[in-house]
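Listed below are the residues making up each chain.
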Amino acid sequence: MSEKKSSQISGFYKLSIEERLEKLKDFAGLNEQEIAVLKKESSLELKSADKMIENVIGTMPVPLGIATNFLINGENYLIPMATEEPSVIAAASNAARIARLKGGFTAGSDESIMIGQIQVTDLKNPDDAKNAVIANKQKILALANEQDPVLNKFGGGAKDIEVRILDKFIVVHLLVDCRDAMGANAVNTMAEAAAPLIEEITGGEVILKIISNLAVKRLARSSAVFDKEALGGEEVVDRIILAYKFAAKDPYRCATNNKGIMNGISSVVLATGNDTRAIEAGAHGYAALNGYSPLAKYRKNSDGDLVGEIELPMAVGLIGGATAVHPTAKINVKILGVKTARELEEVIASVGLAQNLAALRALSAEGIQRGHMKLHAKNIAKMAGADDRILDKVVEIMVRERKVRLDRAREIVEELKK
Ligand code: MEV
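First, a word on what this report is: a plain description of the structure on this page. Per-chain numbering applies: the sequence of each chain, read as written, is numbered from 1 onward. Since the coordinates come from a predicted model, pLDDT governs what is reported: local features require at least 70, and pairs of side-chain atoms require 80 or more to be given and counted, while whole-chain, interface and lining totals use all residues. Derived side-chain values reflect all non-hydrogen atoms in the structure, with water molecules and hydrogen atoms excluded from consideration.

For this purpose, a residue is taken to be near a molecule or strand whenever a single non-hydrogen atom of the residue falls within 4 Å of it. Lining the immediate environment of the ligand, one finds 10 residues, of which Glu-85, Arg-253, Lys-259, Asn-263 and Leu-363 sit closest. Any pair of N or O atoms that falls within 3.5 Å is considered a polar contact. Within protein, one atom must be able to donate a hydrogen and the other to accept it, and sequence-neighbouring residues count only if both atoms are side-chain atoms. Here Glu-85 contributes a side-chain N or O atom positioned 2.5 Å from an oxygen atom of the ligand. Between the ligand and the protein, one listed contact pairs an oxygen atom with a side-chain N or O atom of Lys-259 at 2.7 Å. If the ligand stood free it would expose 300 Å²; the protein chains cover 84% of that surface. Every element with two or more residues in the shell around the ligand is listed here: α11 (251-271) and α15 (341-364). Counting from the N terminus, the helices are DSSP H or I runs at least four residues long and the strands are E runs at least two residues long. For the shell around the ligand, the element with the most residues is α11, which contributes six residues. Classification convention: Asp, Glu, Lys, Arg as charged; Ala, Val, Leu, Ile, Met, Phe, Trp, Tyr, Cys, Pro as nonpolar; all other residues, Gly among them, as polar. Among the residues forming the shell around the ligand, the class breakdown is three nonpolar, four polar and three charged. What sets the accessible areas is the Shrake-Rupley method with a 1.4 Å probe; for residues, cover comes only from the shown protein chains.

Note on pairing: side chains with opposite charge can pair once their charged atoms come close. Here a salt bridge means any side-chain nitrogen of Lys or Arg lying within 4 Å of a carboxyl oxygen belonging to Asp or Glu. Applying the stated rule across the entire model yields 24 salt bridges. Two residues, Asp-177 and Arg-179, come together in a salt bridge whose shortest N-O distance is 3.3 Å. Buried residues are those whose accessible area, probed at 1.4 Å on protein chains only, stays under 20% of the maximum for their type, while exposed residues exceed 50% and partly exposed ones sit between those limits. When its relative accessible area of 5% is taken as the criterion, Asp-177 is described as buried. A salt bridge links Asp-387 to Arg-389; the shortest N-O distance between them is 2.9 Å. A relative accessible area of 28% places Asp-387 in the partly exposed class.

If you walk across this open sheet you meet the four strands as β5-β6-β4-β7, and the pairing is antiparallel. Both edges of this open sheet fall to β5 (157-166) and β7 (205-212), since each of them pairs with a single strand only. Adjacent strand axes in the sheet meet at a mean angle of 20 degrees when their direction is disregarded. Paired strands, in this sense, are two strands between which DSSP finds at least two bridges. Here strand β4 (residues 113-121) pairs with β7 via six bridges, running antiparallel. In the strand pairing of β7, Ile-118 is matched with Lys-209. Strands β5 and β6 (169-177) of the sheet are contacted by helix α5 (residues 126-135), whose axis makes an angle of about 170 degrees with β5. A fitted line through C-alpha atoms serves as each axis, taken over the contacting stretch for helices, and the angle formed by two N-to-C directions is quoted from 0 to 180°. The contact criterion used is simple: two residues touch if any of their non-hydrogen atoms lie within 4.5 Å.

With that settled, consider the nonpolar core. Nonpolar side chains in soluble globular proteins tend to be buried together. Core analysis: the largest hydrophobic core is formed by 55 residues, its most contacted members being Phe-70, Ile-79, Phe-105 and Phe-226. Apart from the residues within four sequence positions on either side, Ile-79 is in contact with Gly-65, Ile-66, Ala-67, Phe-70, Val-268, Leu-336, Val-347 and Val-351. What is meant by a nonpolar core is a set of buried Ala, Val, Leu, Ile, Met, Phe, Trp, Tyr and Cys residues, joined one to another through side-chain atoms within 4.5 Å.

The aromatic pairing rule takes the rings of Phe, Tyr and Trp, using the six-membered ring of Trp, and pairs them if the centres are within 6.5 Å, calling planes under 30 degrees apart stacked, those over 60 edge-to-face and the rest tilted. Enumeration over the complete set of coordinates arrives at three aromatic pairs. Measuring from ring centre to ring centre gives 6.0 Å for Tyr-244 and Tyr-298, while their planes differ by 65 degrees; the resulting arrangement is edge-to-face. Placement of Tyr-244 in helix α10 (residues 234-249) and of Tyr-298 in strand β9 (residues 296-300) is noted, with a sequence separation of 54 residues between them. A connected cluster of aromatic rings, assembled from ring pairs, spans Phe-70, Phe-105 and Phe-226.

Here we take up the side chain of Glu-343. Within the element layout of this structure, Glu-343 appears in helix α15. By the counting rule applied here, Lys and Arg register as positive and Asp and Glu as negative, while His and the ends of each chain are not counted. Lys-339 is the oppositely charged side chain nearest to the buried, salt-bridge-free Glu-343, at an N-O distance of 6.2 Å. A distance of 2.6 Å separates polar atoms of two side chains, one belonging to Glu-343 and the other to Tyr-77. When residues no more than four places from it in sequence are discounted, the contact partners of Glu-343 are Tyr-77, Gly-337 and Val-338.

Right, let's talk about the side chain of Asp-148 for a bit. For Asp-148, the position within the fold is in the loop between α6 (137-146) and α7 (149-153). Of the side chains with opposite charge, Lys-153 comes closest to the buried, unpaired Asp-148, at an N-O distance of 10 Å. Only 3.1 Å separates the side chain of Asp-148 from the backbone nitrogen of Leu-151, close enough to count as a polar contact. With residues near it in sequence (within four places) discarded, Asp-148 still touches Ala-186 and Met-190.

The next point concerns α10. Under the 1.5 Å per step criterion, the end-to-end length of α10 is 23 Å for 16 residues, consistent within 8% with the ideal 22 Å. Those residues of α10 that fall on the buried side of the exposure criterion are Val-236, Val-237, Ile-240, Ile-241, Ala-243, Tyr-244 and Ala-247. The buried residues of α10 occupy an angular sector of 155 degrees when the element is viewed end-on, so they sit on one face. Relative to its buried face, α10 has exposed residues pointing more than 90 degrees away, namely Glu-235, Leu-242 and Lys-249. Contacts made by the buried residues of α10 are with α9 (228-231), α11, β9, β10 (306-313) and α15. Take the number of residues in a helix, subtract one, and multiply by 1.5 Å to get its expected span. Directions from the helix axis toward the C-beta atoms define the arc.

See the structure below:
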């Protein structure tokens, strides 16, 4: 009987990348070629990756593309998007082209206020504890602000406190203006530092002290008018509104609707080295606040054009985290040309709206498979040996016949080469 392999490897983190790969090779039966793929340097060098996370064995590139046509608050933007999914970037660019006809996107954002939560338990009387925290607000804020003089220097820092009573415990919300940072580090440090003082004030015991990703005080919003003729006529406008209403009435549809919005949003968040999971948690949390709802809404204006609006939490930063160290993220921020986190938030919200509009338009008309099919056909045609001279023709024939298959591609390539 073969010996069972154990995943318990003590000190894996202390090994060099080379040594980790050796272990992995044995464990997973990887061959030399596979090891070479993992070792291949990308724009994020292995030694840099090794400083970003633990137990590094390689990097995992995803395609990076540019969405065109975006006009937001009168400014032109080319938008870097990192995604493995075909059609996302083409769809966003297409929606942005239509939005442009009526002046592009109008976007705005709140101050960069994040919430740090401090859970206080073991209280004799939650109301008394709440009042005591409010009475000592200035003292708590001062202690929190001692933790981050740099943030204070730039006009940020802990600004206010809220207290909520939940069951038998209270939750203190520390409201921190994070300026151009996403803010998780600053907020968590402040919440942890304030905990002993809050215990002293309330006589209770603090359990959790952590940022909330439901950043309701850091919302970004964007709206646009989509010309009815460019969309394909007033009937298309009506069908898009019906598609929106479907999502508004049905959580099964709404989850997919919001997933489509996040196709755009997460791609820009990833491309700029920001935390995709934080943004996704915030988006779905916000969508669920009053019963799970679509993040973007639609109506028809008096000209019969379609008006779309989106609003969601958008805690992204330009300083700190991977944004500051990942070489590609730094270049992507430069391509965007954004000068503040809030400008980036407004851009990302606009991409989310564009992505949703494009999906609803495609779904309420021809469905999305035709768009997908072309790209898929291109890959199949290349696999079948189509060179640049015949590639487009092979794709055209397969799409027309609705037979995007390797065997058919081979036949067509052979015929065309004759
Ligand atoms: C696919 O990644 C996204 C869509 O399903 C979004 C939607 O259904 O609205 C097309």
